[in-house]
Amino acid sequence: MGPKKHLLLVAIFVKTVLVRATSLNEAARPNVVLIVADDLGYGDLGCFGNTTIRTPHLDRLAAEGVKLTHNVAAASICTPSRAAFLTGRYSIRSGMIASHHIRAFIFTAASCGLPASEVTIGEVAKKAGYRTAFLGKWHQGWSVDRSDPNHPHPLNQGFDYFYGVPLTNIPDFGDSSTSYKSISVHLLPNLPFQIVLSFLFVLLTTIYLVRRHHLHLWSAVLLLSAACLLTGTALFSFYYMKLLNSFMFRNYDIVEQPIHLPSVTRKLVKEGEEFLQARHADHAPFLLLVSWLHVHTALATAPEFRGQSAHGPYGDAVEEMDWGVGQLMEMLERLGMVDNTLVYFTSDHGALPQARDLTGRVTGGFNGLFNGGKGDGSTEGSFRVPGIVRWPGHVPAGVVVREPVSLMDVLPTVAELLNVSDVTVGHVVDGVSMVPLLRGEERVSPHEFLFHYCQDSVHAVTYRPRLGTSLWKLMFREPDPNTKDFTAKCNEAIHLDPPTLYDLSADPTASSPVPAEEHPQVVSAILKAVRQHQDSVQEVPSQFAWWRMMWQPWNQPCCNFPKCACEDEKFKGLFTD
């Protein structure tokens with residue numbers, strides 16, 4: 001055999017080894033399905049202790065994977081929590097957290113939004129060559145101005161396809177028996193009075209200037225006209241929330257206005273199934289993020305779920321959401337994709353147990369044994385959320401992980417599994433990959449400290465020392481039990497001086513404080529960590545500045561103007577009440 005033939009055989013061998021190594025590497029990279037519920041409580045699922053709401057599909061998912069019992073959100077309200085989930089960063093780093101009590105975006109036609117400079121889970125997957133889709137609730141700011149490279153939109157932040165709601169679901173979107181007259185009743189109960197009072201102040205000031213300082217008549221007319229325009233716009237924007245915000249988009253196009261709430265879950269399921277079928281056909285790896293509108297009010301379900309649970313409309317919505325998860329899992333099975341797909345399920349933050357509609361029916365969930373809920377800044381019930389991870393053959397089945405993990409850990413976890421190492425260069429990433437913990441290679445949480453924000457301040461810290469089994473929580477503020485409005489719980493929280501210490505390893509519900517003076521090293525370590533964390537936070541433009549958040553009529557979407565109403569042709573006649 002000549003030297004040329006030897007060289008040829010060596011080249012063939014090397015090429016075969018490289019191709020096989022590449023194939024194995026590709027095979028090890030899973031498809032990813034991320035599923036996020038809205039306002040779901042820790043104790044709302046059967047696999048997390050509920051015995052009265054039926055969630056067989058999520059229970060099966062937990063039995064086939066890992067159950068995360070100390071899974072925490074980075075914020076206790078929608079917009080900042082979801083920003084942290086998408087970016088793996090505390091939302092204060094991106095300006096996606098408020099310094100005032102309006103802590104979530106409230107208008108679609110506004111200039112606030114997740115900065116385009118932030119790196120999302122979608123962008124991580126795109127860098128790995130994955131096809132990506134975002135279905136459901138976005139709530140990270142909205143613009144369809146594609147000429148602006150910084151416009152906030154899922155398609156501008158790593159997702160190839162979007163179908164869903166740019167803002168959120170609110171009580172105003174429901175029917176007359178379950179909706180508030182306006183979201184202002186819920187968020188700003190005194191807004192109309194404040195606006196009218198402001199107008200009267202302008203009117204009286206104008207009269208005074210005309211009479212005492214001889215203000216020119218035309219100047220007075222101009223001043224009063226401006227006051228009328230501003231007050232009228234403010235009142236209109238807060239009293240017509242359904243008209244201004246209730247629509248479904250497909251990519252950049254409005255396809256439904258107003259939202260037909262009873263069919264939303266079925267439409268999201270249909271869109272999800274079609275995406276999975278398309279990826280099966282083109283053999284492309286994928287990341288699918290499904291962000292349910294359930295179980296945020298207004299609560300509405302398909303007829304077959306209505307009145308079927310033991311907990312009214314809320315229980316019906318949980319059971320329909322569970323059905324939706326089951327449909328997507330069934331599609332993965334039919335397509336033979338289960339073994340190579342990592343599925344992650346969670347809620348964006350804790351439930352609001354005290355929520356009621358105008359008829360007195362319960363519209364909030366159950367946080368199990370944990371105190372507090374949505375909107376709080378330090379209670380376990382506000383941040384502790386159910387977490388499930390399934391990846392057959394790679395993640396053990398039926399395992400319970402009790403170590404603290406965060407929704408922020410999803411991005412670095414996906415990045416590690418997809419072999420993407422440089423996508424977040426220049427960004428401080430607060431999440432840590434859960435891969436070693438999920439596989440049982442590590443036994444201790446990747447987080448030594450987790451900071452619990454309420455608005456833009458830290459209200460509590462969870463501390464997991466690197467050695468031993470101890471777990472601590474230091475609370476700087478606690479909710480005032482007299483505060484009824486969950487949006488005001490940050491400003492009206494009680495300052496604790498000195499801070500209160502809890503031993504979560506012995507008292508997981510944080511119900512009985514321990515003497516802080518008996519554990520000086522623990523308190524000292526936490527205080528030092530808070531200082532270091534705050535020093536690492538660089539000041540950035542706030543997306544919650546008032547001028548960014550207010551309704552901008554010139555940016556208002558509308559389907560079939562001036563009618564502002566349409567039905568999605570794709571689903572026309574397919575779903576009924």
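In case you missed it, the structure is sitting above this.
Residues numbered from 1 in each chain as written. Predicted model: local features only at pLDDT ≥ 70, side-chain atom pairs only at ≥ 80, totals over all residues. Heavy atoms only, no water.

Asker: Would you mind going over the overall build of the chain with me for this structure?
Answerer: Within the chain one finds 15 helices and 15 strands. Across the 577 residues that make up the chain, the buried fraction comes to 56%. Counting only contacts in the chain whose residues sit at least 6 apart along the sequence, the fraction spanning at least 24 positions is 74%. Total accessible area on the chain stands at roughly 24,600 Å², and carbon and sulfur atoms take up 58% of it. (Helix = DSSP H or I, 4+ residues; strand = E, 2+ residues; numbered from the N terminus. Buried < 20%, exposed > 50% of the residue type's maximum accessible area, 1.4 Å probe, protein only. Contact = heavy atoms within 4.5 Å. Areas by Shrake-Rupley, 256 points an atom, 1.4 Å probe, with all protein chains shown as cover.)

Asker: Sorry if this is basic, but what is going on with the pairing of strand S12 (residues 449-454) here?
Answerer: Two faces make up the sheet, and in a regular strand the side chains alternate between them. Judged by how many residues are buried, S12 sits mostly within the fold: 6 of 6 residues are covered. Burial along S12 is two-sided: Phe449, Phe451 and Tyr453 facing one way and Leu450, His452 and Cys454 facing the other are all buried.

Asker: Hey, could you run me through unusual backbone geometry in this one?
Answerer: Note on backbone geometry: most residues besides glycine have negative phi, and most peptide bonds are trans. A cis amide bond, omega -10°, links glutamine 257 with the succeeding residue proline 258. By secondary structure assignment, the location of proline 258 is in the loop between strand S6 (253-256) and helix H9 (264-282). Of note in this structure, aspartate 39 is not a glycine but carries a positive phi near 70°. Mapped onto the secondary structure, aspartate 39 falls in the loop between strand S1 (31-37) and helix H2 (56-63).

Asker: What exactly am I supposed to notice about helix H14 (residues 520-536) here?
Answerer: Between the first and last C-alpha of H14 there are 24 Å, a value that for 17 residues agrees with the 24 Å anticipated at 1.5 Å per step. Listed in full, the buried residues belonging to H14 are Val522, Val523, Ile526, Ala529, Val530 and His533. For H14, the angular spread of buried residues about the axis comes to 125°, placing them on one side. Residues of H14 that are exposed and angled more than 90 degrees away from the buried face: Pro520, Gln521 and Asp535. On its buried face, H14 is in contact with S12, strand S13 (457-463), strand S14 (472-478) and strand S15 (494-503). (Expected span 1.5 Å × (residues − 1). Arc of directions from axis to C-beta.)

Asker: What's the story with the sheet that holds S15 in this structure? I'm lost.
Answerer: Sheet strands pair via backbone hydrogen bonds, and the direction of the pair is either parallel or antiparallel. Taken in spatial order, the 4 strands of this open sheet run S12-S13-S14-S15, and their pairing is antiparallel. Either end of the sheet is taken by a strand with one partner, and the two such strands are S12 and S15. Sheet twist, expressed as the average angle between the axes of neighbouring strands with direction ignored, equals 20°. Of the strands in this sheet, S12, S13, S14 and S15 are in contact with H14, which crosses S12 at around 65°. (Pairing = 2+ DSSP bridges. Axes fitted to C-alpha atoms, helices over the stretch in contact; angles between N-to-C directions.)

Asker: Could you clarify how one ought to interpret H9 in this entry?
Answerer: The periodicity of an α-helix, 3.6 residues per turn, causes residues three or four positions apart to be oriented the same way. Look at H9: 27 Å from first C-alpha to last across 19 residues, which is about the 27 Å you get at 1.5 Å a residue. Among the residues of H9, those classed as buried are Val264, Thr265, Arg266, Lys267, Leu268, Val269, Glu271, Gly272, Glu273, Phe275, Leu276 and Arg279. On the buried face of H9, the contacting elements are strand S3 (131-137), strand S4 (161-165), strand S5 (248-250), S6, strand S7 (286-291) and helix H10 (312-334). Looking at the residues trailing H9, positive phi occurs at histidine 283, about 60°.

Asker: When you look at the nonpolar core in this model, what are you seeing that I'm missing?
Answerer: It is characteristic of soluble globular proteins that their nonpolar side chains tend to be buried jointly. Within the largest apolar cluster, 73 residues are counted, with the highest numbers of intra-cluster contacts made by Leu40, Leu288, Trp292, Leu332 and Phe345. Examining the composition of this core, we find that 9 residues originate from one element, H10, more than from any other. Look past the residues within four positions of leucine 40 in its chain and what remains in contact with it is Leu45, Val295, Tyr314, Val318, Met321, Phe345, Ser347, His349, Gly350, Ala351 and Pro386. Among the nonpolar cores identified, the runner-up in size contains 47 residues, and Phe134, Leu342, Val435 and Cys559 belong to it. (Core = buried A, V, L, I, M, F, W, Y, C linked by side-chain atoms within 4.5 Å.)

Asker: Whenever I open this one, the state of the cysteines confuses me. Can you help?
Answerer: Here, disulfide denotes a covalent bond that connects the sulfur atoms of two cysteines. Applying the stated criterion across every chain, the model contains 3 disulfides. Note that cysteine 558 is cross-linked by a disulfide to cysteine 564, the S-S spacing being 2.0 Å. Across the disulfide from cysteine 558 to cysteine 564, rotation about the S-S bond amounts to roughly -110°, and the bridge is consequently left-handed. With a relative accessible area of 24%, cysteine 558 lands in the partly exposed category. Two residues share a disulfide in this structure: cysteine 559 and cysteine 566, whose sulfurs sit 2.0 Å from each other. Because the sign of the S-S torsion sets the handedness, a value of about 125° for the bond joining cysteine 559 and cysteine 566 places this disulfide among the right-handed ones. Accessibility classification places cysteine 559 together with cysteine 566 in one group, the buried group. Counting only the cysteines that take part in disulfides, in the order they occur along the chain, gives the pairing 1-2, 3-5, 4-6. (Disulfide = S-S within 2.5 Å.)

Asker: Hey, could you run me through the packing of aromatic side chains in this one?
Answerer: When we look at a pair of aromatic rings, we describe it by the centre distance and by the angle of the planes. In the structure shown here, the tally under the stated rule is 16 aromatic pairs. Seen from their ring centres, phenylalanine 134 and phenylalanine 159 are 5.3 Å apart, and the 80° between their planes marks the pair as edge-to-face. Of the two residues, phenylalanine 134 sits in strand S3 while phenylalanine 159 sits in the loop between S3 and S4, which places them 25 residues apart along the sequence. Within the aromatic cluster, the residues linked to one another by ring pairs are Phe134, Trp138, Trp142, Phe159, Phe162, Phe247 and Phe249. Over the ring of phenylalanine 48 we find lysine 67, and its NZ or CZ is 5.3 Å from the ring centre. We note arginine 279 situated over the ring of phenylalanine 275; from NZ or CZ to the ring centre the distance is 4.9 Å. (Phe/Tyr/Trp six-rings, centres within 6.5 Å; stacked < 30°, edge-to-face > 60°. Lys NZ or Arg CZ within 6 Å of the ring centre and 35° of its normal.)

On their own, these measurements won't tell you what the molecule is for.
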